[in-house]
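Report on the structure
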Amino acid sequence: MLKIPAIRWGKPYESLEVEDVVHFATGEPIAQLSQVGGGLLKRDMRFAQKARDALRQIPSSELLEILKKAADLFMTATLPMGDGTQSPAEFVHAQSATTGLPENMCRFNMEKNAYALSNMNLILDSLTRGLDLEILSRGYGKEDRGVTVSYQAQSPVLGAVLPSNSPGVHTLWLPAIPLQLGLVLKPGGKEPWTPYRIYYAMVEAGVPAEAFGLYPGAGGDVGASLLASCDRSMVFGGQQTIDQYHGNPRVQAHGPGFSKILLGDDVVDDWERYLDLMVQSVFANSGRSCINASGVWASRHTQEIAAAIAERIGGVEPKDPTDPEASLAAFTQKGMAPAVWGMIEQDLAESGVTHMTEKFGPRLEEHERCDYLKPMVIHADSPERAVAKKEYMFPFVSVVQCPQDQMIKQIGYTLVGTAITGDETWAQQLTDATNIDRLNIGPIPTIKLDWLQPHEGNLIEFLFRNRAYQMAPLEVATV
Amino acid sequence: MNSGESVLSADIQAKAQAAKDKLDQQAYETVQWHFHESTGCPFWLEKKKELNFDPLTEVKNYEDIKKFPLFEDEWLRGGPVRRWVPKAFENDPVYVFETGGTTGVPKSRIAINDFRTDYENFSHTLPDQYFPKGANWLMLGPSGPRRLRLAVEHLAQYRGGISFCIDLDPRWVVKLIKKGWMEHLEEYKKHCIDQAITVLTAGHDVKCMFGTPKLIESLCLGLEERGTSLAEVGITGIFSGGTEFTPQWTRYCVEELFGGPPEESGIYMTPTYGNTLMGLACSKPVTAAEGYKISYYAPQPRAVTEVVSFDDPMQTVAYGETGRVKLTTLTQEFFVPGFLERDEGEREMPFDKYPWDGVSGVRPFHGIASSTTVGVY
């Protein structure tokens, strides 16, 4: 069994307290993960500046090349993992075994992370709007138009409290390294694999190990300490977490996306053309991502749309996670799936709400050590129904009947909004809407990302402060 | 015979037998005291009527204490509290100490002198090198209705010093956590630590302190932020307890916050396990060589801890095995037969200094752990 230590500025630290990382279905221990307390992290943060100093020894351009090499190692090499090693196949297997995500989805997420690593130059070009990275590194510099600009790093490190269930979100903190900011990570208890493998790949590729801190720990202690002691950090969690950190400039909170597909009145009679897109948006990655659609909104044909989506995904059954056809992820935390099902049952009791996947059998499937929720399609005859604003961690969608002229107001916060319409007036109103983050006009699945555009809270704006900076030559008196 | 007994040396076995004899005598005398009309308390005299045996004639040793039904903590919730005062002490000044109380009625225990006796006994276990006689103390922990403030203050006075006290209300802390007011929690903690640092840096010659694990950590971090350390402000001896104490935390504390073991850092810390009902259990010296393992030994014969089977609380588990902590208190002020603590741990062997059973790895009992908020201060 692998023993995975905490990492304190590149140095492994084996705690006397360890937590078994176990197979979700068999309970078999796969690794022992060191558990450290928040105090240790807080104390280490005294040396955070050294992480940035070490990275600033290497030009950003060179770090970008190193990351390309790291991407390759991440995808292909047998890398260290604690006191042992891990091949790419072992990585995928371990990740699937502890998170419940089918192996094919683990591979997909692995590719996504590797893509971000190897295309970091383009991603940063997009995030910075073409700014010379040397300006961020030095703190000031001249733009092509001859004006001096200055960007001040707001923290020597970026902290992140990482989730246990979504290996794809790690793309969001990767840019810190070429921006010459250290990383302080709290890996998820069930998914330590991605942050550790990225760490080992980056170090093997040439990133200074002292730029990294990885602090696994139980309960909220380490997470709270990280968020309290890093000047800039991100956290992944539910709505409660988002609410807790709302308005805190030091924390970027990533939570449910409430992503939606809106069918315009001009195309809705032709809805069948977009059925594949809707199914894909709801179903990809077992519905776990914040960019999965949790709502399809239209002014008419909603019963037919819901029935058609239900027909496509309602009969999908859980399969062994190693099966290449497996498309449903398990709920590995005991009690969570029944609790979610309980909430859904409450919503189903409301008048005007119809369970469209009912005929495909019970949705909750309980196993000895894990549970599944099979795909669900709900029809709501009005945006007023409670289910219209719900999102869950499995393929779940509400098809909501709503007049087009009320949609923007009624949909609420939307991380990704795909509006399928040719109505230019409405498209302009959608462009102006402040409750939609990423906007797709036209038939684009919500899960399709354009990495070369800003995404989910621009990291540059979060990490660097744009300020005035003036310099004048100093006249030195001669004796 | 269980597995551990065979490896006890003859010397320890002799000491263990002597301790057992003393405990049997204490058990007999305590029951005689609490169930006799002239000295007993109203609660036990009333309870005697419900028993199917006569404690005065049928309890002759510690084993016979098992004839009593398990002590129910509900008996301690609510009044009248005077029903616990033994007749022999009815004219003495009485204290009441509370535990719990975050929700509902807290458990109350009357005390007259027990807390002083407990802490005087504990005082004799402290090395004078690190807890110098005459040194002043800092008490950094919960006060209010809790025993700790008076007890630590008495310990300081007993050793010839004066105790400075910082207050902390754990019931408010639990409420802050439950409400999710973590910013308020941080501010409250800072408020307490600021006061502690003020005392420590005000020239009061404080060398010893009591602190809960989390407050000691916060204090060390707070001192570091100000560019100083516990050693620099003069602390040499720390008595810690009050909440869960783990080997990893102790290691972190010793290695990083103190700067090494006592001989290097000059700071000696002793973990304790105690509560209002029992008094104070001392720990076997904690060393890096033993992986910072923490084993507690109750202050026998005044109190006994046993590690009992989860399924049958009348059965002690074998040495090294895990079970629930069961407490029996045997003093003239208070008699608690067979109280199941909210903790579990492993049964430890007697050793030279404490030749009776101990318990290690103390942590919240897994059966109730999920429903309680622990380690709040």
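The structure reproduced in this document is the subject of the present report.

So, how was this worked out
- Residues numbered from 1 in each chain as written.
- Chains lettered and ligands numbered in written order.
- Predicted model: local features only at pLDDT ≥ 70, side-chain atom pairs only at ≥ 80, totals over all residues.
- Heavy atoms only, no water.
- Helix = DSSP H or I, 4+ residues; strand = E, 2+ residues; numbered from the N terminus.
- Rg over C-alpha atoms; globule rule 2.2 N^0.38 Å.
- Buried < 20%, exposed > 50% of the residue type's maximum accessible area, 1.4 Å probe, protein only.
- Contact = heavy atoms within 4.5 Å.
- Areas by Shrake-Rupley, 256 points an atom, 1.4 Å probe, with all protein chains shown as cover.
- Lys, Arg positive; Asp, Glu negative; His and termini not counted.
- Charge placed at Lys NZ, Arg CZ, Asp CG, Glu CD.
- Pairing = 2+ DSSP bridges.
- Axes fitted to C-alpha atoms, helices over the stretch in contact; angles between N-to-C directions.
- Salt bridge = Lys/Arg side-chain N within 4 Å of Asp/Glu carboxyl O.
- Core = buried A, V, L, I, M, F, W, Y, C linked by side-chain atoms within 4.5 Å.

1. Remarks on the overall build of chain B
What chain B contains, in helices and strands, is 10 helices and 13 strands. Computed over C-alpha atoms, the radius of gyration of chain B comes to 21 Å, within 12% of the 21 Å expected from 2.2 N^0.38 for 377 residues, which places it in the range of a compact globule. Across its three principal directions, the C-alpha atoms of chain B cover 65 × 50 × 40 Å. The buried share of chain B, reckoned over its 377 residues, is 55%. In chain B, 67% of the contacts between residues at least 6 apart in sequence involve partners at least 24 apart. Accessible surface for chain B amounts to roughly 16,200 Å². Of this, 50% is attributable to carbon and sulfur atoms. Within chain B, the 52 negative side-chain charges are centred at a point lying 4 Å from the centre of the 40 positive side-chain charges.

2. Examining the sheet that holds strand 21 (residues 396-401) of chain A
All names here are of chain A. The 7 strands are arranged 17-20-21-16-15-22-23 in an open sheet whose pairing can be described as mixed. In the strand order of this sheet, the two ends are held by strand 17 (353-355) and strand 23 (436-441), each with one partner. Between one strand axis and the next, the sheet turns through 20° on average, direction left out of account. Note: strand 16 (residues 293-298) against strand 21, 4 bridges, orientation parallel. For Trp297, the partnering residue across the bridge sits in strand 21 and is Val400.

3. A word on the pattern of salt bridges
Close approach of charged atoms allows side chains with opposite charge to pair. Residues and elements named next belong to chain A. The final tally for this structure, using the stated rule, is 47 salt bridges over all chains. The closest approach of N and O atoms between Lys359 and Glu311, which form a salt bridge, is 3.1 Å. In this pair, Lys359 is assigned in the loop between strand 17 and strand 18 (364-366) and Glu311 in helix 12 (residues 302-313), connecting sequence segments 48 residues apart. Judged by its relative accessible area of 62%, Lys359 is exposed. The salt bridge involving Asp371 is made with Lys334; its shortest N-O contact spans 2.9 Å. Note that Asp371 is positioned in strand 19 (residues 371-373) and Lys334 in the loop between helix 12 and helix 13 (336-348), a separation of 37 residues in sequence.

4. A short note on the nonpolar core
With 98 residues, the main nonpolar core has B:Leu219, B:Leu230 and B:Phe258 as its most contacted residues. Per-element accounting of this core gives the leading share, 8 residues, to helix 7 (residues 182-200) of chain B. The next biggest cluster of nonpolar side chains, apart from the first, holds 75 residues, and it includes A:Leu2, A:Leu124, A:Leu174 and A:Leu459.

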